[in-house]
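Each chain is listed here by its residues.
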Number of protein chains: 2
Amino acid sequence: METGGAKQRILDRAYYAASQYGLESLTIGSLASNLGMSKAGVHGHFGSKQALQLATIRHALSVSQRDVVAPSDRAPDGLPRLWALCVALTSYHEEIGLHGGDFWVTVANEYDSRSGPVRDTVEAIMSRWMRRLEDLISAAVRLGQLTPCDPAQLAFEIQALLDAGGHQGWLYHDPKAPARARAAIHRRLDELRTPDAPDLTE
Amino acid sequence: METGGAKQRILDRAYYAASQYGLESLTIGSLASNLGMSKAGVHGHFGSKQALQLATIRHALSVSQRDVVAPSDRAPDGLPRLWALCVALTSYHEEIGLHGGDFWVTVANEYDSRSGPVRDTVEAIMSRWMRRLEDLISAAVRLGQLTPCDPAQLAFEIQALLDAGGHQGWLYHDPKAPARARAAIHRRLDELRTPDAPDLTE
DNA sequence: CCTACCGATCGGTAGG
DNA sequence: CCTACCGATCGGTAGG
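Overview of the structure. (Residues numbered from 1 in each chain as written. Chains lettered and ligands numbered in written order. Predicted model: local features only at pLDDT ≥ 70, side-chain atom pairs only at ≥ 80, totals over all residues. Heavy atoms only, no water.)

Right, let's talk about the protein's contact with DNA strand D for a bit. Taken together, 15 residues are adjacent to DNA strand D, and Ala6 and Ser38 of chain A together with Thr27, Lys39 and Lys49 of chain B come closest. Close to the protein, within 4 Å, the atoms of DNA strand D are drawn from sugar and phosphate at a rate of 62%. One nitrogen or oxygen atom from the main chain of Ile28 of chain B is found 3.2 Å from a phosphate oxygen belonging to DNA strand D. One of the side-chain nitrogen or oxygen atoms of Lys39 of chain B is found 3.0 Å away from a base nitrogen of DNA strand D. Listed by contribution, the elements that provide at least two residues to the surface near DNA strand D are helix H3 (39-44) of chain A together with helix H2 (28-35) and helix H3 (39-44) of chain B. (Near = heavy atom within 4 Å. Polar contact = N/O pair within 3.5 Å; in protein donor to acceptor, adjacent residues only side chain to side chain. Helix = DSSP H or I, 4+ residues; strand = E, 2+ residues; numbered from the N terminus.)

In structure tokens:
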């Protein structure tokens, strides 16, 4: 069970390419030539282009889990963890500033009007992410950190700002976009925060 | 100068397809077969695929101008016009619920990490749109309808919510997304509104 | 607007 | 993992 093998190299490259151009425009041929391999060599690791797309999604999921979700899970449940998650993601958007767009923003938009197994997988993962935001909001209300509100509505707004932070920065070559998203989320959470809730540290 | 000719039929179809799948996956062959024409017949109207993409963008611009921007321009300058524009766009997102995604949301995300003439055209148009939002915000402040704020920051937030209203509804099959966007923008503008500014009619 | 074609590239397979 | 293929489709052209 080697993790640095050829399959991982292929997935790293596919993840990198899909973050910029999406999963539909991935081609086995260009992936192979970028890696100095033959088409059949790449193809054989997955069996079909769709299997490669699904494997790339799973790879992206493990990267996000490791780099964004897991660190923020060390913060206390409720408002601190919600805010830590937003800071982690917007900071991640700032860091990847030189190597292409955000995988999930790109792919979620690519598949929102499509159908098929790849779209269904993307939707399931994004739904789980929205559920996470809503659960953290509900916990924050239950813990008396946020005044009661509609978790689905607030999660929609937070996700809108996070997406825009990972997208508008690219379209307008504006490196301040993630910070704008973070500031807007901060203000929104701060106005819903109860007087004795913990501060939102920047 | 006939406006209902073959070229318009091609552009209508290309606009429809690109709203769902983007401009990169447009193919002259599938466009031709959808329209009952030959590939060369479609190709001849534009001369190149890139010219077809650019013509489709111009077509989309005239549709948006007619259906979204022009009606809201009849509202008074400043806050009423800004709010009318947001209502017009989110209402449009609700209406197109059955025939594919929003062209600009799809295309802006498709090209945010790409380069080339098509991307440059998309960026220029989206920048002009952001400028419109910022100018309406500045006017509202100047007219004493909004308390002073950073127009670029508020425009970022409004655009984030508008985009999400046109995207999350598709990804999650949730027809309430445009209304969520409208409600969030309404609340944000209402909290910045001065006491004697005109009401934001729903 | 059409038919008939061009070279390039697509995903995928055979055989090793 | 490779070479050598397959049929299909890509954008584009010639000629009418």
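Still more ground to cover, so stick around.
Inspection of the secondary structure puts Ser113 of chain A in the loop between helix H6 (103-111) and helix H7 (117-142). In this structure Ser113 of chain A comes out as buried when scored by relative accessible area, which is 12%. For Ser113 of chain A, the side chain forms a polar contact with the side chain of Asp112 of chain A, separated by 3.4 Å. The residues touching Ser113 of chain A, leaving out its near neighbours within four places in the chain, are Arg119 of chain A together with Gln20, Tyr21, Gly100, Gly101 and Trp170 of chain B. (Buried < 20%, exposed > 50% of the residue type's maximum accessible area, 1.4 Å probe, protein only. Contact = heavy atoms within 4.5 Å.)

All right, on to the interface of chain A and chain B then. Counting residues at the interface gives 42 residues for chain A and 42 residues for chain B. Between chain A and chain B lies a buried interface of about 3600 Å² when both sides are counted; carbon and sulfur atoms form 52% of it. Area buried by chain A at its contact with chain B is led by Phe156, Leu171 and Arg180 of chain A, which between them contribute 19% of it. Our enumeration of links across chain A and chain B arrives at six salt bridges. Glu157 of chain A serves as the salt-bridge partner of Arg187 of chain B, at 2.8 Å between the closest nitrogen and oxygen. Connecting chain A to chain B are 15 residue pairs in polar contact (both at pLDDT 80 or more). Counting only elements with at least two residues in the side of chain A that touches chain B, the list comes to helix H1 (6-21), H6, H7, helix H8 (151-171) and helix H9 (177-192) of chain A. In terms of residues, the side of chain A that touches chain B owes the most to one element, H8 of chain A, which gives 14 residues. Here the residues of the side of chain A that touches chain B sort into 18 nonpolar, 13 polar and eleven charged. (Buried area = accessible area lost by both parts, 1.4 Å probe. Salt bridge = Lys/Arg side-chain N within 4 Å of Asp/Glu carboxyl O. Nonpolar A, V, L, I, M, F, W, Y, C, P; charged D, E, K, R; others polar.)

Residue and element names in this part refer to chain A. Within this structure, the stated rule accounts for four aromatic pairs over all chains. Relative to Trp104, the ring of Phe103 lies with its centre 4.9 Å away and its plane at 85°, an arrangement referred to as edge-to-face. Looking at Trp104, the relative accessible area reads 12%, which means it is buried. Following the ring pairs from residue to residue traces out a cluster consisting of Tyr15, Phe103 and Trp104. Positioned above the aromatic ring of Tyr111 is the side chain of Arg114, whose terminal nitrogen or guanidinium carbon lies 5.9 Å from the ring centre. (Phe/Tyr/Trp six-rings, centres within 6.5 Å; stacked < 30°, edge-to-face > 60°. Lys NZ or Arg CZ within 6 Å of the ring centre and 35° of its normal.)

This next bit is on the nonpolar core. Grouped together as the largest cluster of nonpolar side chains are 64 residues, with contacts concentrated most on Leu23, Phe103, Trp129, Ile158 and Leu189 of chain A. It is H7 of chain A that provides the largest number of residues to this core, a total of ten residues. With residues near it in sequence (within four places) discarded, Trp129 of chain A still touches Val69, Leu85, Leu89, Gln159 and Leu162 of chain A. In terms of nonpolar packing, the next biggest core, distinct from the first, is built from 63 residues, Val68, Ile137, Leu146 and Leu189 of chain B among them. (Core = buried A, V, L, I, M, F, W, Y, C linked by side-chain atoms within 4.5 Å.)

Function cannot be read off these values alone, since they describe shape.
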